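Observations on the three-dimensional arrangement
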Amino acid sequence: MIAIIDDDESVRKATKSLVRSLGYEAATFCSAEEFLGSSQLKTAACLITDVRMPGMSGVELQDRLIADGRSLPTVFISAFSDERVQQKVLESGAVGYLHKPFEEDRLIECIETALKGQGAGT
């Protein structure tokens, strides 16, 4: 199961559609807090999350999961270019950091890398 976390409903819907077209199960969440309170926290094999969201950011979510001993392969997406944030999340184990709008093929590559357990990419 791939968890998609983004405060933008259109991004959630489009990403879920893409993930499902690849044959994977997907669940969407409008916030990091919603994901953390869900049963999918235990079943997620991969996260796709926005960097900037109201409340807990995607970066804070990654930090929280790592602190809780849950190192999920994570793909970050962002409309904002911030090289410090990009470097931090990749050093913390993210498998990708994509700038909106991004090519579907790049997201597919990141998902495949995440599910194979391979290293980081940009």
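Look up a bit, the structure's there.
Below is a summary of the structure that appears in this document. Computed from a prediction, not measured in an experiment: that's the story for all the values here. (Residues numbered from 1 in each chain as written. Predicted model: local features only at pLDDT ≥ 70, side-chain atom pairs only at ≥ 80, totals over all residues. Heavy atoms only, no water.)

Some remarks on the pattern of salt bridges
Counting across every chain of the model gives 6 salt bridges. Note that Asp6 and Lys100 form a salt bridge whose closest N and O atoms lie 3.2 Å from each other. You can see Asp6 sitting in the loop between strand E1 (2-5) and helix H1 (9-21) and its partner Lys100 sitting in the loop between strand E5 (96-99) and helix H5 (104-116), a full 94 residues away along the chain. Residues participating in the shared-partner salt-bridge network are Asp6, Asp50 and Lys100. (Salt bridge = Lys/Arg side-chain N within 4 Å of Asp/Glu carboxyl O. Helix = DSSP H or I, 4+ residues; strand = E, 2+ residues; numbered from the N terminus.)

Quick notes on helix H4 (residues 83-91)
Among the residues of H4, those classed as buried are Gln86, Val89 and Leu90. Down the axis of H4, the smallest arc covering the buried residues is 100°, so these residues share one side. Exposed positions of H4 whose direction lies more than 90 degrees from the buried face are Arg84 and Glu91. Looking at the buried residues of H4, the elements they touch are helix H3 (58-67), strand E4 (74-78) and E5. Sitting at the head of H4, Asp82 places a side-chain oxygen 3.1 Å from the backbone nitrogen of Arg84. Gly93 sits one or two residues past H4 and shows a positive phi near 110°. (Buried < 20%, exposed > 50% of the residue type's maximum accessible area, 1.4 Å probe, protein only. Arc of directions from axis to C-beta. Contact = heavy atoms within 4.5 Å. Polar contact = N/O pair within 3.5 Å; in protein donor to acceptor, adjacent residues only side chain to side chain.)

Points about the environment of Leu115
With respect to the helices and strands, the residue Leu115 is situated in helix H5. Given the relative accessible area of 32%, Leu115 is considered partly exposed. Put simply, Leu115 and Lys100 are 15 residues apart on the chain and 22 Å apart in space, counted from C-alpha to C-alpha. When neighbours within four sequence positions are excluded, Leu115 is seen to be in contact with Ile2, Tyr24, Ala45 and Cys46.

Some words on the state of the cysteines
Applying the stated rule across the entire model yields 0 disulfides. Between Cys46, a free cysteine, and Cys110, which holds the nearest cysteine sulfur, the sulfur-to-sulfur gap is 8.9 Å. On the basis of relative accessible area, Cys46 is assigned to the buried category, the value being 0%. For Cys110, a relative accessible area of 3% translates into the label buried. (Disulfide = S-S within 2.5 Å.)

Comments concerning the packing of aromatic side chains
On inspection of all chains with the given rule, the structure shows 1 aromatic pair. Summarising the aromatic geometry, the rings of Phe29 and Phe35 are spaced 5.3 Å apart at their centres and angled 70° between planes, so their arrangement reads as edge-to-face. On the basis of relative accessible area, Phe35 is assigned to the buried category, the value being 0%. Between Arg52 and the ring centre of Phe80, over which it is positioned, the NZ or CZ distance is 4.0 Å. (Phe/Tyr/Trp six-rings, centres within 6.5 Å; stacked < 30°, edge-to-face > 60°. Lys NZ or Arg CZ within 6 Å of the ring centre and 35° of its normal.)

Some thoughts on the packing of H3 against H4
Interaxial distance between H3 and H4 falls to 11 Å at its minimum, and their mutual angle equals 20°. Classified by the interaxial angle, the pair formed by H3 and H4 is roughly parallel. Of the two possible hands of crossing, H3 and H4 adopt the one that is left-handed. Between H3 and H4, the residues in contact are Val59, Gln62 and Asp63 and Val85, Lys88 and Val89, respectively. Tallied by class, residues from the contact of H3 with H4 come to 3 nonpolar, 1 polar and 2 charged. (Axes fitted to C-alpha atoms, helices over the stretch in contact; angles between N-to-C directions. Parallel < 35°, antiparallel > 145°, perpendicular 65-115°, else oblique. Left-handed = near helix turned anticlockwise from the far one by under 90°. Nonpolar A, V, L, I, M, F, W, Y, C, P; charged D, E, K, R; others polar.)

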